[in-house]
Structures are given as structure tokens and as C-alpha cells.
Amino acid sequence: MDTASARVVVLAGGVGGSKFTLGVREALRRAGAPAATVVVNTGDDLWLSGVRLQPDIDSVLYALSGVNDSVRGWGRTGDTERVNAELQAWGAGWPWFTLGDLDLGTHLARTGWLRDGLTVTQVVERLSQRWNLGVRMLPMTDTEVDTHVLLQDGRRMHFQEWWTRHRATLAPAEFENPGMAEALPAPGVVEAIADADVVLIAPSNPVVSIGPILAVPGIRAALRATAAPVGGVSPIIGGKVVRGMADVCLTAIGVETSAAAVAAHYGARSGGGVLDAWLMAEEDADAAAAVDGLGIRAVVAPLWMRDLEHSAALADAALRA
Ligand code: GDP
Ligand code: CA
């Protein structure tokens with residue numbers, strides 16, 4: 001593949017997804033290639049205090065525009081929490097879920113546009129116009145398909161409550177996306193995958209970030225049908241998640257926390273899955289033969305996205321793989 005003219009599509013969640021997308025943008029810029037299309041998970045979305053939150057969309061939006069709080073890992077840099085304190089005083093919202101003032105500006109703008117009748121795709125397009133993102137960002141679907149967790153004790157809750165309030169400590173039995181069966185891919189998603197020269201699955205949470213994207217009816221089929229090679233990057237390094245609690249999600253769906261097991265979970269395109277190639281870390285090189293045995297080409301590469309240079313090098317390796 002000629003990187004200089006490659007049309008690249010990335011499937012991404014929040015933090016891991018945006019770090020990787022920054023790398024892809026940089027690698028493509030250096031090669032003089034067109035901007036990538038990034039299809040972002042909307043399973044994390046929620047309604048809170050009357051406004052619509054899209055945590056993964058906003059992570060990508062803020063990271064690509066450079067206004068993200070990279071120390072804290074979410075929200076806007078230099079944000080304040082005055083409105084949040086008022087909401088708490090009213091007993092509104094969730095006491096364990098902080099909304100920054102600048103962040104609330106985004107949520108209010110988004111909610112207003114949704115109330116005006118814009119689709120999620122149109123809202124994301126508007127949000128993308130303020131800063132020069134250097135990518136085309138698409139939500140996976142326009143339909144509300146918020147992820148819920150069915151717990152082993154039979155209770156159900158929104159994914160954000162389980163993740164943020166309970167820090168994923170309540171034993172999950174299943175992840176569900178009510179409404180998914182009737183959802184459609186957002187306009188442009190299937191077309192972008194069909195017309196791509198390469199599709200990359202970011203090192204995002206395989207269960208609650210990439211899982212919902214692949215569950216939108218039509219997206220998995222588009223990945224299976226495209227002439228473009230599909231490569232994935234392991235979010236697991238040396239048998240551990242790099243950060244976060246993705247291992248709890250993997251365990252819940254019966255997948256071991258290892259680079260090879262996640263590759264097997266995605267599966268080889270030749271065997272009904274979605275992957276042609278899988279980038280795994282040097283720490284996991286022992287398992288490369290097992291991944292090759294699945295019909296997925298294992299590529300050993302440095303997977304730590306410490307800074308932009310490392311992210312760009314990883315993106316470049318993924319594009320070449
Ligand atoms: P979230 O939506 O904010 O949870 O973020 P994502 O789903 O996009 O990504 C979470 C995953 O990113 C975690 O499972 C981490 O293991 C993975 N991750 C974070 N940083 C790195 C990194 O530097 N390299 C790799 N390979 N994976 C990473
Ligand atoms: Ca997320």
C-alpha cells in the first residue's frame with residue numbers, strides 16, 4: 001500500500017482511541033496523505049441533568065484539538081467546576097460524576113442541536129468545525145444505543161454508573177446495548193469502510209468501545225466485505241491493560257486478558273472475524289505464532305503510546321502492516 005495516497009479508517013473508543021488517532025493523523029500528515037476517517041464509539045453516551053454526554057466523541061474531539069486535560073485523562077484542560085457544584089447543591093445529576101464548566105458548554109451546545117432536530121452525525125460535524133481536527137469524525141450510529149451492564153446479581157445499570165461510580169468492581173454478567181438491533185450505521189460509515197485502503201482498529205477497550213461499533217448492524221459486514229486490509233492494535237501489553245479496567249470487561253465475556261485472546265475474540269477475516277493483521281507488543285512476541293495460527297498476521301511492534309512520536313511510529317507500523 002502507498003501510504004501517501006491511503007484512505008484510512010480508524011475505529012476508536014475514548015482515551016486509547018484518541019491517542020492512536022493522534023498518531024495516525026501525524027503519520028498521514030508526514031506522508032502527505034489525505035485525512036483519516038475516525039468512527040467513534042457512542043455506547044458510552046448518556047443523558048445527565050438534561051444534557052447529552054458523549055464521552056468518547058468528546059475525548060477524540062478534545063485530544064485532536066489539543067484542548068484536552070492530558071494529565072487527568074478526561075475533559076478540558078484548565079476547566080472549573082462551578083456549575084457542577086451548583087448541580088450538586090440542588091441534588092441534581094450524579095454526585096460521583098463531575099461535569100466541568102467548559103465541558104458543559106459542549107454538552108449544552110450538543111443537546112440544543114439535538115433538540116433542534118439535528119442527527120448525531122450532524123451534531124458531531126458541527127462540533128468538528130470549531131477546531132481543525134485534521135480527521136473526519138463520525139459517530140458509529142445516529143441511534144441511542146447506550147451500553148448497560150447486567151450484573152451477576154441481576155441488577156442493571158448504565159455503563160457509566162458501573163464504570164465511574166463503582167470502578168467496575170460489581171461483577172458484570174453481560175453488556176447490553178438496548179436498541180442496537182434496530183440501529184443503523186451512521187451515514188458515511190459503511191461507505192468509508194468500503195472505499196478505504198486500510199482499516200485500523202485502535203487499541204481501545206475491545207468490549208465496551210470496539211464491541212458496540214462492531215455490534216451496529218452492518219458495520220461488521222462492511223469490515224468483512226471491504227477490499228481494504230483490516231489491522232488491529234492490541235490494547236493488552238504483557239498480559240495487562242495499559243490503563244483502565246478493560247480486563248474486567250474481557251473476563252465478563254469470557255476472554256482472557258492477553259493480546260492473543262483479544263485477537264482470537266476479533267477473529268480472522270478468513271474465519272468469519274474482522275482482522276487480517278494484529279499488532280502486538282514485544283512483551284507478547286511469544287504468542288505471535290498462535291495468532292498467525294488463527295489466520296491473523298501477527299506483527300510485533302512497540303505499542304506504548306507515551307507521546308506523539310511513539311503514537312505516530314505505532315500508526316506508521318500499523319499502516320505498513
Ligand atoms: P476509553 O473509552 O477512554 O476507555 O478508551 P479506549 O476504549 O479508547 O481505550 C482504552 C484502552 O486503551 C485500554 O484497554 C488500554 O489498555 C488501552 N491503551 C491505553 N494507552 C495505551 C497505549 O499506550 N498503548 C496501547 N497499546 N494501548 C493503550
Ligand atoms: Ca469510553
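Just above, that's the structure.
Basis of the calculations
Residues numbered from 1 in each chain as written. Chains lettered and ligands numbered in written order. Predicted model: local features only at pLDDT ≥ 70, side-chain atom pairs only at ≥ 80, totals over all residues. Heavy atoms only, no water. Pairing = 2+ DSSP bridges. Helix = DSSP H or I, 4+ residues; strand = E, 2+ residues; numbered from the N terminus. Axes fitted to C-alpha atoms, helices over the stretch in contact; angles between N-to-C directions. Contact = heavy atoms within 4.5 Å. Donors = N, O, S within 2.8 Å, 3.2 Å for Na, K, Ca; no water. Buried < 20%, exposed > 50% of the residue type's maximum accessible area, 1.4 Å probe, protein only. Phe/Tyr/Trp six-rings, centres within 6.5 Å; stacked < 30°, edge-to-face > 60°. Parallel < 35°, antiparallel > 145°, perpendicular 65-115°, else oblique. Left-handed = near helix turned anticlockwise from the far one by under 90°. Nonpolar A, V, L, I, M, F, W, Y, C, P; charged D, E, K, R; others polar. 1 Å grid on protein atoms, 1.4 Å probe; cavity = no way out; pocket = protein on both sides within 12 Å on 5 of 7 lines; lining within 4 Å. Points joined across faces, edges and corners; volume = space filled by probe spheres on them.

Student: Would you explain the sheet that holds strand β1 (residues 8-12) in this entry?
Tutor: Strand order across the open sheet formed by 7 strands is β5-β2-β1-β9-β10-β13-β14, with parallel pairing between neighbours. Only two strands of the sheet have a single neighbouring strand rather than two, namely β5 (135-139) and β14 (297-300). Neighbouring strand axes in the sheet, compared pairwise and without regard to direction, differ in orientation by 20 degrees on average. Sheet topology note: the strand β13 (residues 277-280)/β14 ladder contains 4 bridges and is parallel. Note on β14: the bridge partner recorded for A277 is R297. Set on the sheet, helix α1 (residues 15-31) makes contact with β1, β2 (36-40), β5, β9 (198-201) and β10 (230-233); between it and β1 the angle comes to about 165 degrees. Contacting β9 and β13, helix α11 (residues 259-266) crosses the sheet at an angle of about 160 degrees to β13.

Student: Could you clarify how one ought to interpret the coordination of the calcium ion (ligand 2) in this entry?
Tutor: For a metal with four donors in a tetrahedral arrangement, the ideal angle between donors is 109.5 degrees, while six donors in an octahedron ideally sit at 90 or 180 degrees. Coordination of the calcium ion (ligand 2) by the protein is provided by D44 (OD), D56 (OD) and D56 (OD), with metal-donor distances spanning 2.0 to 2.8 Å. Here D44 is found in the loop between β2 and β3 (46-48), whereas its partner D56 is found in helix α2 (residues 55-65), with 12 residues between them in sequence. When sorted by exposure, D44 lands in the same class as D56, which is buried.

Student: For this particular structure, what's the right way to read the packing of aromatic side chains?
Tutor: For any two aromatic rings, the description comes down to two numbers: the centre-to-centre distance and the angle of the planes. In total, this model carries 8 aromatic pairs according to the counting rule given. Ring geometry for W94 versus W96: centroids 4.4 Å apart, planes at 20 degrees, classification stacked. With a centroid separation of 6.2 Å and 85 degrees between ring planes, the pair formed by W96 and F97 is classed as edge-to-face. Of the two residues, W96 and F97, both sit in the buried class.

Student: Whenever I open this one, the packing of α2 against helix α4 (residues 101-115) confuses me. Can you help?
Tutor: The angle between the axes and the distance between the axes are what describe a pair of packed helices. The geometry of α2 relative to α4 is characterised by a closest axis approach of 12 Å and an angle of 120 degrees between their N-to-C directions. Classified by the angle between their axes, α2 and α4 sit oblique to one another. Viewed along their axes, α2 and α4 form a crossing whose handedness is right-handed. In contact with I57, D58 and Y62 of α2, α4 contributes D103, T106, H107 and R110. Residue composition of the contact of α2 with α4, grouped by class: 2 nonpolar, 2 polar and 3 charged.

Student: In this structure, what is going on with empty space enclosed by the protein? I would like to understand it.
Tutor: With a probe scaled to a water molecule rolled over the atoms, the places where space remains empty come into view. One pass over the structure, following the stated rule, counts 1 cavity of 30 Å³ or more. If you add up the space inside the largest cavity, you get close to 30 Å³. Along the walls of the largest cavity sit L48, S49, N84, L87, Q88, A92, G93, W94, F97 and L99, which together make up its complete lining. When residues in the lining of the largest cavity are grouped by element, the largest group, 3 residues, is from helix α3 (residues 82-90).

Student: What's the story with unusual backbone geometry in this structure? I'm lost.
Tutor: Across the chain, the bulk of peptide bonds are trans and the bulk of non-glycine residues have phi less than zero. If you check the backbone angles, S49 has positive phi at about 50 degrees while not being a glycine. Despite not being glycine, A168 shows a phi value in the positive range, around 60 degrees. As for its placement among the helices and strands, A168 is situated in the loop between α6 (159-165) and β8 (172-176). We classify A168 as buried; its relative accessible area is 7%.

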